[in-house]
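The lines below spell out each chain.
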Amino acid sequence: MSVPLSDVAYQQCISPDCGEQYGVADVRINCGQCGGLLDVRYDWGRARPPEKLGDFQKLWSERHEPARFSGVWRFHDLLPFAPLEQVVTVGEGQTILQQADAVASYVGVRSGGLFLQYEGMNPSGSFKDNGMTAAFTHARMIGAKRAACASTGNTSASLAMYCAVTRHMKAVIFIGSGKISYGKLSQALDYGALTVQIAGDFDDAMVRVREVARDLGIYLVNSVNPFRLEGQKTIMLRVLEALRWEVPDWIVVPGGNLGNSSAFGKAFAELLELGLIDRAPRLAVINATGANTLYELYENRSLRWNGGRIDQQVSDAYLAELDAAQRKASTLASAIEINRPVNLTKCLRALDTCDGVVREVTDQEIIDAKAQVGAGGIGCEPASGASVAGARKLVQEGVIDPDARVVCILTGHQLKDPDATVAYHTTDQDRFDRVLGTRGVKRASFANRAVAVPNDLPEIIKAIQLYS
Ligand SMILES: *Cc1c(COP(=O)(O)O)cnc(C)c1O
Ligand SMILES: [Zn+2]
């Protein structure tokens, strides 16, 4: 199928020393000149973005149109790489920014100052749908028949869903063996994706899927794909929209492959460039201690964007150390169990744009923070708990002011990983040890334990009166 491509968009290498440009129909995941990552860029003079962010509100009256209903594509003017009539949407991005006062008190900011951006409400249950709708739209524009990804679970669930709903492509997914939660695996299987379970972890699967995509000409939808990140920019646009277009003080997000943090930085850089905001929020990217490459490089080895002249030796040396020590990523927060983040350089740029910081949090801190979120009624998966745990740490350190307005991104739905939640609340010590103890989690600080009673009415009534 041949469709008109946007004539205002192009791709460009992010390295300012290279800056090589490619057409929007060029399918590539890095620069042919220097191997760097690519951005989707726009000729804003011809793209005609809105004059003020509030103009987007008028589009609500057109929400009978699927592309306007979508929480991604109603911001099409800020990601116009495909004509609006060509976008593929399944209703992604209908998510909310929830003021969470109980979580605020846990984090240590004033009541009314903490917000949770709940991306678990997406059709496949994670923020990945924001990016997949954009990558999928591009794949369809260029006539791809098959799409592939390596995944810790949510990317594959999202890809499988788009393929199944639209019937435009076949999904081929690569997962590390034993590294995926059942909630996520069940989606890929149910939606009919070809699921390739390789003996290895996510980092291994990522290497293989790149090779397979290259050799078989399959369209790759991991976050190295610059079109995916265009869709993920809209998470920030929805945050701004919910705050009546006021910029919050902090955005706190878990860091895995660093696609989200990179996309957020790009969103704010563009909004600044277009004069649609007058300052960027600060960005905090939170690693798990068992998968802390960004933390190590940024906070301990002072690796910086440095105007695009990143000291490659620093990151190469660190990754070589990991290999020499045979250290594999290990955290209960499987969605961020990644040691070789593919978007590292873009994330450094985002940290530069947003005066960012990076922190690491333990699995104990992650699972306790997750329980606090759950107690507020909008549950999340473990990786998302990292943002709340990280915000708490930054308040304790005095980096985040208790009077600040803080937005934590809840990246995935609670039901994605019920094993971790049940193990946390269980009275069964074996289960706790198996699922959490092996990760160094020692206690369930906020456990809500089930009460065991005999099948006997007076006993049941006694138990209810005792505990309620
Ligand atoms: C993918 C994912 C992450 C990590 O996001 P990156 O963009 O890879 O840093 C975090 N949480 C959840 C639930 C995810 O699915
Ligand atoms: Zn280049």
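Check the entry above for the structure.
Residues numbered from 1 in each chain as written. Chains lettered and ligands numbered in written order. Predicted model: local features only at pLDDT ≥ 70, side-chain atom pairs only at ≥ 80, totals over all residues. Heavy atoms only, no water.

K.L.:
Run through the overall build of the protein chain, naming residues and quoting values.
P.N.:
Across its full length, the protein chain carries 17 helices and 13 strands. Relative to the 2.2 N^0.38 estimate, which gives 23 Å for 468 residues, the radius of gyration of the protein chain is 22 Å and therefore close to what a compact globule would have. Principal-axis analysis of the C-alpha atoms gives the protein chain an extent of 75 × 45 × 45 Å. Within the protein chain, the fraction of its 468 residues that count as buried is 59%. Pairs at least 24 residues apart make up 71% of the contacts formed inside the protein chain by residues separated by at least 6 positions. One way to put it: in the protein chain the 49 positive side-chain charges average out to a point 2 Å from where the 53 negative ones average out. (Helix = DSSP H or I, 4+ residues; strand = E, 2+ residues; numbered from the N terminus. Rg over C-alpha atoms; globule rule 2.2 N^0.38 Å. Buried < 20%, exposed > 50% of the residue type's maximum accessible area, 1.4 Å probe, protein only. Contact = heavy atoms within 4.5 Å. Lys, Arg positive; Asp, Glu negative; His and termini not counted. Charge placed at Lys NZ, Arg CZ, Asp CG, Glu CD.)

K.L.:
Tell me about the site of ligand 1, and please be specific about residues and values.
P.N.:
Looking at ligand 1, there are 16 residues lining it, with Lys128, Asn154, Gly256, Asn257 and Thr411 nearest. The separation between an oxygen atom of ligand 1 and a polar side-chain atom of Lys128 is 2.6 Å. Within the backbone of Leu258, an N or O atom sits 2.8 Å from an oxygen atom of ligand 1. Coverage of ligand 1 by the protein chains reaches 97% of its 380 Å² of free accessible surface. More than half of the atoms belonging to ligand 1 lie within 2 Å of the grid points that define the largest cavity. (Near = heavy atom within 4 Å. Polar contact = N/O pair within 3.5 Å; in protein donor to acceptor, adjacent residues only side chain to side chain. Areas by Shrake-Rupley, 256 points an atom, 1.4 Å probe, with all protein chains shown as cover. 1 Å grid on protein atoms, 1.4 Å probe; cavity = no way out; pocket = protein on both sides within 12 Å on 5 of 7 lines; lining within 4 Å. Sits in = over half its atoms within 2 Å of the grid points.)

K.L.:
Which residues make up the sheet that holds strand S1 (residues 9-13), and what values go with them?
P.N.:
Within the open sheet, the three strands sit side by side as S2-S1-S3. Their pairing is antiparallel. At either margin of the open sheet sits one strand with a lone partner, and together these are strand S2 (21-23) and strand S3 (38-42). Taking the axes of each pair of neighbouring strands and ignoring which way they run, one obtains an average angle of 35 degrees across the sheet. By the bridge criterion, five bridges tie S1 to S3 in an arrangement that is antiparallel. When the sheet's bridge partners are listed, Gln11 is paired in S3 with Val40. Against the sheet, helix H8 (residues 226-242) engages S1 and S3, with an angle of about 60 degrees to S3. (Pairing = 2+ DSSP bridges. Axes fitted to C-alpha atoms, helices over the stretch in contact; angles between N-to-C directions.)

K.L.:
Quick one: what's the story with the coordination of the zinc ion (ligand 2), residue by residue and with numbers?
P.N.:
Of the protein atoms, only Cys13 (SG), Cys18 (SG), Cys31 (SG) and Cys34 (SG) coordinate the zinc ion (ligand 2), at distances of 2.3 to 2.4 Å. Coordination at the zinc ion (ligand 2) comes from four donor atoms whose angles at the metal span 93 to 117 degrees, giving a geometry best classed as tetrahedral. When the donors of the zinc ion (ligand 2) are listed by position in the chain, the intervening gaps give C-x4-C-x12-C-x2-C. With Cys18 in the loop between S1 and S2 and Cys34 in the loop between S2 and S3, this pair connects stretches of sequence that are 16 residues apart. (Donors = N, O, S within 2.8 Å, 3.2 Å for Na, K, Ca; no water. Tetrahedral: all angles 85-135°; square planar, octahedral: opposite > 155°, others 65-115°.)

K.L.:
Residue-level account of the packing of aromatic side chains, with values.
P.N.:
Two measures describe an aromatic ring pair: the distance that separates the ring centres and the angle between the ring planes. Within the structure shown, the criterion is met by six aromatic pairs. For the ring pair Phe81 and Phe227, a centre distance of 4.9 Å and an interplane angle of 65 degrees mean the geometry is edge-to-face. Of this pair, Phe81 sits in the loop between helix H2 (66-69) and strand S4 (96-99) while Phe227 sits in helix H8, and the two are 146 residues apart along the sequence. The buried category is assigned to Phe81, whose relative accessible area is 0%. Site record: aromatic cluster; members linked through ring pairs are Trp73, Phe81 and Phe227. Above the ring of Tyr298, the side-chain terminus of Arg304 is found at 3.7 Å from the ring centroid. A cation over an aromatic ring shows up here: Arg349 above the ring of Trp305, its NZ or CZ 5.9 Å from the ring centre. (Phe/Tyr/Trp six-rings, centres within 6.5 Å; stacked < 30°, edge-to-face > 60°. Lys NZ or Arg CZ within 6 Å of the ring centre and 35° of its normal.)

K.L.:
Break down the pairing of strand S11 (residues 282-288) for me, with residues and values.
P.N.:
Most of S11 sits inside the fold, with six of its seven residues counted as buried. In the sheet, strand S10 (residues 250-254) pairs with S11 via five bridges, with the strands oriented parallel. Note that in S11 the partner of Pro254 across the bridge is Ile286. Running through helix H9 (residues 259-273), the crossover from S10 to the neighbouring parallel element S11 is right-handed. (Right-handed = clockwise from strand over helix to strand, strands pointing away.)

K.L.:
Break down the layout of surface pockets for me, citing the residues and quoting the values.
P.N.:
In this structure, the largest pocket spans a volume of roughly 720 Å³. In terms of lining residues, the largest pocket is bounded by 31 residues, among which Leu37, Gln312, Pro341, Val342 and Thr345 are the most central. For the lining of the largest pocket, the secondary-structure elements that each account for two or more residues are helix H7 (202-216), helix H10 (293-300), helix H11 (312-324) and helix H12 (344-353). A per-class count over the lining of the largest pocket returns 16 nonpolar, nine polar and six charged. (Points joined across faces, edges and corners; volume = space filled by probe spheres on them. Nonpolar A, V, L, I, M, F, W, Y, C, P; charged D, E, K, R; others polar.)

K.L.:
Now, about the sheet that holds S11: what can you tell me, with residues and values included?
P.N.:
Taken in spatial order, the six strands line up as S4-S5-S13-S10-S11-S12 in an open sheet, and their pairing is mixed. The sheet is open, and its two borders are formed by S4 and strand S12 (357-361), each paired with just one other strand. Averaged over all adjacent pairs, the angle separating strand axes in this sheet is 25 degrees, with direction ignored. Here five bridges tie strand S5 (residues 114-118) to strand S13 (residues 406-410), and the two strands are oriented parallel to one another. Following the sheet pairing, Phe115 is matched in S13 by Val407.

K.L.:
Could you give an account of the nonpolar core, with specific residues and numbers?
P.N.:
Ranked by size, the top nonpolar core spans 103 residues in total, and within it Phe81 and Leu159 carry the most contacts. Counting residues per element, this core draws most heavily on H8, at seven residues. Beyond its immediate stretch of four places on either side in the chain, Leu159 contacts Met132, Phe136, Ala147, Ala148, Cys149, Ala171, Val172, Ile173 and Val221. One finds Ala104, Leu116, Ala288 and Ala369 within the second-largest nonpolar core, a separate group that totals 36 residues. (Core = buried A, V, L, I, M, F, W, Y, C linked by side-chain atoms within 4.5 Å.)

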